[in-house]
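Residue-level structure breakdown
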Amino acid sequence: LGSPGLRCSHTRMLSSDLLSCGIDRWYPDLRRLTIRSVLVPLPSDFAAYLVADGVVLPGGDDEAGASPAGEEADDESADGSAALALPASFEAVRRAIDDGIERLGGAVFVKLNWSAPRDAAWVLGGSLKCTSSEDVLLLLQSSDRAAHDLTEARRMCEDAAAAGEGGAGVDAAGEP
């Protein structure tokens, strides 16, 4: 299809264009036309936690395998790898997620700015239905799609490539 005289040139998106597509930019104006949502900002330390190797889901005050917020882990887990440290922002983000789930009726579909963690549904028995912050964190930590949003989306933009930026997927404001 298409005219033989027209050539399709592929230009890459600018970082500003990509950010304009984020749910935080369009949802306030379109909230009456889409599903009810609660937006939870992710600080950069929390985004880094989500893409770190391993999955850590703290289960209360004596979290096995996790360091207290903001501390480096020097213990090794049973398989010999270092335990994943929880970010300083962990409890605040976890509470905001749980509050959002409650405000939306007790069950939610989670997504980041551009992608949902559909590739990780297997960790919740094939469902994307989240009823706790632990469900949300498990999906996000297990998802390659979420990791791409947090680490690769901006790197693929024309201005990031021209500037030689690496894979930093979270800007200074902590927006993934």
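Residues numbered from 1 in each chain as written. Predicted model: local features only at pLDDT ≥ 70, side-chain atom pairs only at ≥ 80, totals over all residues. Heavy atoms only, no water.

Right, let's talk about the overall build of the protein chain for a bit. The helix and strand inventory of the protein chain stands at 7 helices and 4 strands. Ordered by position from the N terminus, the helices and strands of the protein chain form the series α-α-α-β-β-α-β-β-α-α-α. Of the roughly 10,800 Å² of accessible surface on the protein chain, 52% is carried by carbon and sulfur atoms. (Helix = DSSP H or I, 4+ residues; strand = E, 2+ residues; numbered from the N terminus. Areas by Shrake-Rupley, 256 points an atom, 1.4 Å probe, with all protein chains shown as cover.)

Core analysis: the largest hydrophobic core is formed by 25 residues, its most contacted members being Phe46, Leu50, Val136, Leu139 and Leu140. Elements with a minimum of two residues in this core: α3 (44-51), α4 (90-103), α5 (133-142) and α6 (144-151). Each residue touching Leu50, except ones within four places of it in the same chain, is listed here: Leu42, Leu137, Leu140, Gln141 and Leu150. (Core = buried A, V, L, I, M, F, W, Y, C linked by side-chain atoms within 4.5 Å. Buried < 20%, exposed > 50% of the residue type's maximum accessible area, 1.4 Å probe, protein only. Contact = heavy atoms within 4.5 Å.)

Before going further, it helps to examine the packing of aromatic side chains. Enumeration according to the criterion identifies 4 aromatic pairs in this entry. Ring geometry for Trp26 and Tyr27: centres 6.2 Å apart, planes at 65 degrees, overall edge-to-face. (Phe/Tyr/Trp six-rings, centres within 6.5 Å; stacked < 30°, edge-to-face > 60°.)

Looking now at the packing of α3 against α6. For the pair α3 and α6, interaxial distance at closest approach is 9 Å and the crossing angle is 140 degrees. Our classification of the angle between α3 and α6 gives oblique. In the crossing of α3 with α6, the sense of the turn from one axis to the other is left-handed. Between α3 and α6, the contacting residues are Ala47, Leu50 and Val51 on the first element and Ala147, Leu150 and Thr151 on the second. (Axes fitted to C-alpha atoms, helices over the stretch in contact; angles between N-to-C directions. Parallel < 35°, antiparallel > 145°, perpendicular 65-115°, else oblique. Left-handed = near helix turned anticlockwise from the far one by under 90°.)

Turning next to α3. When we look at burial in α3, the residues that qualify are Phe46, Ala47, Tyr49 and Leu50. Axial view of α3: buried residues confined to an arc of 155 degrees, hence all on one face. (Arc of directions from axis to C-beta.)

This part takes up the pattern of salt bridges. Scanning all chains against the criterion turns up 3 salt bridges. Because the salt bridges share partners, they merge into one network encompassing Glu91, Arg94 and Asp98. (Salt bridge = Lys/Arg side-chain N within 4 Å of Asp/Glu carboxyl O.)

With that settled, the discussion passes to α6. Considered for burial, the residues of α6 that qualify are Ala146, Asp149 and Leu150. An end-on view of α6 places all buried positions within 90 degrees of arc, on one side of the element. Looking at the packing, one finds that the buried side of α6 touches α3 and α5.

Moving on, we come to the packing of α3 against α5. Following both chains from N to C, one finds α3 and α5 inclined at 65 degrees, their axes separated by 7 Å at the closest point. The angle between α3 and α5 places the two elements in the roughly perpendicular class. Judged by residue contacts, Phe46, Tyr49 and Leu50 of α3 engage Leu137, Leu140 and Gln141 from α5. Split by residue class, the contact of α3 with α5 holds 5 nonpolar, 1 polar and no charged. (Nonpolar A, V, L, I, M, F, W, Y, C, P; charged D, E, K, R; others polar.)

Overall, the predicted model of the protein chain reaches an average pLDDT of 75, with 67% of residues at or above 70. Least confident of the elements in the protein chain is strand β1 (residues 66-67), whose mean pLDDT is 40; most confident is strand β4 (residues 129-130), at 97. Low pLDDT, under 50, characterises residues 60-82; the predicted model gives this stretch 29 contacts beyond four residues in sequence or across chains. Across residues 165-176, where pLDDT falls below 50, the model places 34 contacts with residues more than four positions away in sequence or in other chains. (pLDDT = per-residue confidence, 0-100.)

Within the secondary structure, Ala107 is located in the loop between α4 and β3 (108-109). For the pair formed by Ala107 and Lys129, sequence separation is 22 residues and the distance between their alpha carbons is 6.3 Å.

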